[in-house]
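Examination of the molecular architecture
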Amino acid sequence: MSTARTMKTSIPPEHEHPFAQFVRILGKGKKGSRSLTEDEAWQAMQMIMRGEVLDVQLGAFLMLLRVKEESAEELLGFVRAVRESLHAPQNLRVDLDWSSYAGKRRHLPWYLFSIFLLADKGHRIFAHGASGHTIDRIYSEDVLQALGIPIATDWDSCARQLDQQNFSYFPLRHLCPRLHEIIELRNIMGLRSPVHTLSRLINPADAPCVIQGIFHPGYRPVHQLAAQALGYQRVDVIKGEAGEIERNPDIECLVQSVRNGALVDETWPALFARRHVKEESLDLGNFIAVWRGDVSHEYGEAAVIGTLAIALKLLGDADSQETAEEMARTLWENRDRSRF
């Protein structure tokens, strides 16, 4: 991002840049600094979205937030500002918002099979994410393209895909180019930024159910509280494998939720007594072979079923863990193996 493009106004040298106040709030030392209020965060993100911030200011702002770690109030203000710039069709019907920003590096993206099974069951899944911002990972978009599944480039193509297959993946670079530019700074800064967090919360199509995966456990309650403040009625946040929405069957899974304004925590037990080793290679040929039933994969199949069970309970298809897992297992066993 060039300074000439991101900065729209010329500030005389004797005047302070209007964004400087937000950098100062975050960076005024151990005793003087503080978190932004919700309104300050909203104002700051509005300026960022409008391209009214110098590159040096944006870098400082993002890294100060990264060191401090963003608060629920800051996330709320950021998300409000971003959502104001998104213009989903009012008649777009979506059941579940599924964010995918982390990528996988130890295991294959088994969560995609969970999405396909939800769509086959009749649920309309709106997925959004970004790819390529972290090296040595594979991303949803790359895998979907390899499988021959079309990617949305605008709201019209998104609506068509939802009508045709109950699923659409809308990349952030088309959905919100400004946020995508900031995520692309990951390899320049060497660190993730708050955009990786707030992107998971934007729920662009106003789905009644939202599911989110995070990597660092400390962010789980932050997402939960921000979702509650945003008024989302049914939300699940998990520490997903690599940060994607994928239940790791080797460990217990704490799901921190919002249900009609109330905060609810629920623990799903581990499905295995021992841990599995990571994949030797992320071979999509093997990935497809598991779907077809040509080979078995203990970890992968359990990850599909476990992730699917959580989503089914969130969507209201099941009222208990046992029922959800039984339903998920049946959907997996009866899948259309000829799809790929």
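Cut-offs applied
Residues numbered from 1 in each chain as written. Predicted model: local features only at pLDDT ≥ 70, side-chain atom pairs only at ≥ 80, totals over all residues. Heavy atoms only, no water. Helix = DSSP H or I, 4+ residues; strand = E, 2+ residues; numbered from the N terminus. Contact = heavy atoms within 4.5 Å. Polar contact = N/O pair within 3.5 Å; in protein donor to acceptor, adjacent residues only side chain to side chain. Patch = residues over 30% accessible without salt bridge, like charges linked within 9 Å, V, L, I, M, F, W, Y side chains within 5 Å. Areas by Shrake-Rupley, 256 points an atom, 1.4 Å probe, with all protein chains shown as cover. Salt bridge = Lys/Arg side-chain N within 4 Å of Asp/Glu carboxyl O. pLDDT = per-residue confidence, 0-100. Buried < 20%, exposed > 50% of the residue type's maximum accessible area, 1.4 Å probe, protein only. Core = buried A, V, L, I, M, F, W, Y, C linked by side-chain atoms within 4.5 Å.

As a further point, take the environment of Gln161. Assignment of secondary structure puts Gln161 in helix α9 (residues 155–165). Sequence separation between Gln161 and Ala81 is 80 residues, and the spatial gap between their C-alpha atoms is 27 Å. Those residues in contact with Gln161 that lie beyond four places of it in its chain are Pro150, Ile151, Ala152, Asn166, Phe167, Ser168 and Tyr169. Within polar-contact distance, the side chain of Gln161 engages the side chain of Ser168 at 2.8 Å.

On the surface, Ile188, Met189 and Leu191 cluster together into a nonpolar patch covering about 280 Å² of accessible area. Of note, Ile188 is situated in helix α12 (residues 186–189).

Another point: the confidence of the model for the protein chain. Summing up the model confidence of the protein chain, the mean pLDDT is 93 and the portion of residues at 70 or higher is 96%. A low-confidence stretch, residues 1–9 (pLDDT under 50), is modelled with 24 contacts involving residues beyond four sequence positions or located in other chains.

A full pass over the atoms with the stated rule returns 18 salt bridges. A salt bridge links Arg259 to Asp236, with the nearest nitrogen and oxygen atoms 3.0 Å apart. One end of the pair, Arg259, is in strand β6 (residues 253–259); the other, Asp236, is in strand β5 (residues 234–239), with 23 residues separating them in the sequence. The same class applies to Arg259 as to Asp236, namely buried. Residues Glu298 and Arg274 are paired through a salt bridge, measuring 3.4 Å at the closest nitrogen-oxygen approach. Of the two residues, Glu298 sits in helix α16 (residues 298–315) while Arg274 sits in the loop between β7 (262–268) and α15 (284–292), which places them 24 residues apart along the sequence. Classification of Glu298 by relative accessible area gives partly exposed; the value is 44%. In this structure, a network of salt bridges that share partners links the residues Lys104, Glu241 and Glu246.

Further remarks concern the nonpolar core. If you look at the biggest cluster of nonpolar residues, it comprises 56 residues, and the most contacted ones within it are Phe19, Phe61, Val82 and Leu198. The greatest single-element share of this core, amounting to six residues, is contributed by helix α4 (residues 38–49). Setting aside anything within four residues of it in sequence, one finds Leu198 in contact with Met45, Leu75, Phe78, Val79, Val82 and Leu179. Formed by 48 residues, the second largest nonpolar core is a distinct cluster that contains Phe113, Phe167, Tyr299 and Leu312.

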